[in-house]
Amino acid sequence: MKLIQSRDNAFFKALKRLAESGRERRKTGKTLLDGVHLVEAYEAAFGAVETLVVAESALAGGEVARFVEGRDAVLLADVLMRELGLVDTPSGLLAVAAMPDSFAAVDLEKEAILLDGVQDPGNVGTLLRTAAAAGIKQALLAPGCAAAWSPKVLRAGQGAHFALAIHEDADLAGFMAAYRGTTAVTCLDGSTSLYEADWQGPLAWVFGAEGQGVSPALIAAARLRIRIPMPGAVESLNVAAAAAVCLFEAVRRKLA
């Protein structure tokens with residue numbers, strides 16, 4: 001394997017740009033995957049990644065060493081792998097991979113998750129993962145959300161990206177107006193308990209920014225306003241936790 005030790009190396013500079021710049025990812029159509037699980041999930045869905053990149057110390061043994069055995073890879077000095085700053089705890093394995101093309105047009109009849117200004121990459125990735133686990137097939141992200149294909153969101157999603165049609169910079173209000181199912185939002189004013197709310201057919205769930213929640217305009221546009229009963233001493237839930245409660249209540253009803 002070729003060992004890269006210099007920050008001036010052209011390949012390392014290209015990795016750095018992909019790690020740090022959404023514009024670079026959009027321009028090249030590529031992103032970075034961190035960890036064996038994510039690479040395996042990608043390859044199961046789309047075939048081989050473009051390039052495997054391994055931290056020098058990861059070849060000493062363990063999962064990464066076994067995964068890359070017999071495969072072409074670029075060897076990166078540990079200090080350079082850490083400098084990429086993709087995630088807080090790098091796995092020792094990266095892959096340069098083509099971002100999937102937009103899977104399909106937005107479907108106005110199928111279930112969806114809509115994210116309104118969710119800025120934390122961990123929350124966005126967890127929301128996508130939860131939606132995929134609940135059987136939802138499409139996600140719409142409004143402007144202001146963390147970039148769906150950034151390495152940190154991908155790491156938090158743990159392969160969910162490859163099971164979803166993800167639409168970024170989406171017009172949530174336009175989608176809600178045209179949607180042929182029920183649009184639902186979590187809020188307090190004028191809301192019904194999640195466990196008492198009545199709905200039929202497909203749902204499009206709207207979840208909002210960590211601080212202020214869903215925007216007033218989208219709350220007004222929603223056909224169903226829902227609150228999660230919380231009899232304990234805590235007034236609110238993290239957006240990803242709230243989404244999990246709602247999405248799996250919908251799953252429970254389908255299975256009942």
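Just so it is clear, the structure is predicted and the values come from calculations on it, not from any experiment.

### Side note on the nonpolar core
In a soluble, globular protein the nonpolar side chains are often hidden away together inside.
No. 1: Within the largest apolar cluster, 75 residues are counted, with the highest numbers of intra-cluster contacts made by L33 and W205.
No. 2: Not counting residues up to four positions away in its chain, the partners in contact with L33 are L38, V39, Y42, V49, L93, L94, A95, A97, L154 and F162.
No. 3: Among the nonpolar cores identified, the runner-up in size contains 17 residues, and L140, F175, V185 and C187 belong to it.

### Describing the side chain of T51
No. 1: Along the chain, T51 turns up in strand β3 (residues 51-55).
No. 2: The contacts of T51, once residues within four sequence positions are left out, are F11, V74, L94, A95 and V96.

### Overview of unusual backbone geometry
No. 1: Even without glycine at this site, Q158 takes up a positive phi of about 50°.
No. 2: Inspection of the secondary structure assignment puts Q158 in the loop between α7 (151-157) and β8 (165-167).
No. 3: Judged by its relative accessible area of 26%, Q158 falls in the partly exposed class.
No. 4: In this structure, D169 takes a positive phi of about 50° despite not being glycine.
No. 5: A residue is classified by how much of its surface remains accessible, and D169, at 61% relative accessible area, is exposed.

### Comments concerning the pattern of salt bridges
Pairing is possible between side chains that carry opposite charge, provided their charged atoms lie close to one another.
No. 1: If you walk through the whole model with that rule in mind, you get 11 salt bridges.
No. 2: A salt bridge links E109 to R180, with the shortest nitrogen-to-oxygen separation between them at 3.0 Å. Of the two residues, E109 sits in the loop between β5 (93-98) and β6 (112-116) while R180 sits in the loop between α8 (172-178) and β9 (182-186), which places them 71 residues apart along the sequence.
No. 3: Take R180: its relative accessible area is 55%, and that puts it in the exposed class.
No. 4: Between K254 and E111 there is a salt bridge; the shortest N-O distance is 2.7 Å.

About the criteria used
Residue indices begin from 1 for each chain and proceed along its sequence in written order. Given that this is a predicted model, residues contribute local features only at a pLDDT of at least 70 and side-chain atom pairs are listed and counted only at 80 or more, while totals for whole chains, interfaces and linings are drawn from all residues. Side-chain measures were taken over the full set of non-hydrogen atoms in the model, leaving aside hydrogen atoms and water. Only buried residues count toward a nonpolar core, which is a set of Ala, Val, Leu, Ile, Met, Phe, Trp, Tyr and Cys residues joined through side-chain atoms within 4.5 Å. A 1.4 Å probe rolled over the protein chains alone gives each residue an accessible area, and that area as a share of the maximum for its type sets the label: buried under 20%, exposed over 50%, partly exposed in between. Residues count as neighbours in contact if any of their non-hydrogen atoms are within 4.5 Å of one another. Helix and strand labels come from DSSP, where a helix needs a run of H or I of at least four residues and a strand needs a run of E of at least two; each type is numbered from the N terminus. For this document, the term salt bridge refers to a Lys or Arg side-chain nitrogen within 4 Å of an Asp or Glu carboxyl oxygen.

Without other data, these values stay purely geometric and don't point to any function.
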